[in-house]
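Architecture and fold: a report
The chain contents come next:
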Amino acid sequence: MKTLESLSFQNIVMIEDYLEGKLSHLDNQRFLRNLTLDEELRQDFDLVLEMSTDMVRWSLDKKRRVRLAFSTRHYGTIINPTKGNIAKDLVAYGTATIAAAGLLVFVSGLFVFFAS
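My aim in this report is to walk through the structure given alongside it, one point at a time. Think of each chain on its own: its residues are numbered from 1, step by step along the sequence as written. Local features in a predicted model are, by the rule used here, given only for residues with pLDDT of at least 70; side-chain atom pairs are given and counted only at 80 or more, and totals for whole chains, interfaces and linings are based on all residues. By convention in this description, side-chain values take in all heavy atoms of the structure and omit both hydrogens and water.

A few words on a nonpolar patch on the surface. Like-charged residues within 9 Å of one another, or nonpolar side chains (Val, Leu, Ile, Met, Phe, Trp, Tyr) within 5 Å, are grouped into patches, provided each residue has over 30% relative accessible area and no salt bridge. Surface accessibility follows the Shrake-Rupley procedure with a 1.4 Å probe radius. Residue values consider only the protein chains on display as shielding. Put simply, a salt bridge is a Lys or Arg side-chain nitrogen that is within 4 Å of an Asp or Glu carboxyl oxygen. A cluster of nonpolar side chains, namely Leu 103, Phe 106, Val 107, Leu 110, Phe 113 and Phe 114, defines an oily patch on the protein surface of about 670 Å² accessible area. Secondary structure elements are defined from DSSP: runs of H or I of at least 4 residues count as helices, runs of E of at least 2 residues count as strands, and each element is numbered from the N terminus. With respect to the element layout, Leu 110 can be found in helix 5 (residues 83–115). Residue exposure (1.4 Å probe, protein chains only): buried if accessible area is under 20% of the type maximum, exposed if over 50%, otherwise partly exposed. You can call Leu 110 partly exposed: its relative accessible area is 34%.

Printed below as a string of structure tokens:
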């Protein structure tokens, strides 16, 4: 099991640069390829994500890079996301949000109805 003390500084810098979008297109491709081949980089990547406490506030681009890294790592090929995928995600999240809001209004209405 990887520990904080055994993290490679070079890997940490590369992972942070990748997550922040500071790498060039070629370096992004190289990082993702290395993520599929290098076990130490994969373990360091997992530990960096595990230690990140503010993932909820990450930008959509940063979350997309994490999703791309996981899909690349699990499927072994670099999958280039398209804007269509991001649009589908936004529609899915929007639909879920609207459904949750509707359910909240419905439950609140039932509460008011039975309380009166």
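Moving on, there is more to tell.
For the rest of this paragraph, the subject is the packing of aromatic side chains. The description of an aromatic ring pair rests on the distance of the ring centres and on the angle between the ring planes. For Phe, Tyr and Trp, rings pair up if their centres lie within 6.5 Å, where Trp contributes its six-membered ring, and each pair is then called stacked (planes under 30 degrees apart), edge-to-face (over 60) or tilted (otherwise). Applying the stated criterion across every chain, the model contains three aromatic pairs. Taken together, a centroid distance of 6.3 Å and an interplanar angle of 55 degrees make the contact between Phe 31 and Phe 45 tilted. Placement of Phe 31 in helix 2 (residues 25–37) and of Phe 45 in helix 3 (residues 39–51) is noted, with a sequence separation of 14 residues between them. Like Phe 31, the residue Phe 45 is buried in the burial classification. A ring pair is formed by Phe 113 and Phe 114, whose centres lie 5.2 Å apart and whose planes are at 70 degrees; its orientation type is edge-to-face. For the pair Phe 113 and Phe 114, a shared accessibility class is recorded, and that class is exposed. Taken together, the ring pairs in this structure connect Tyr 18, Phe 31 and Phe 45 into an aromatic cluster.

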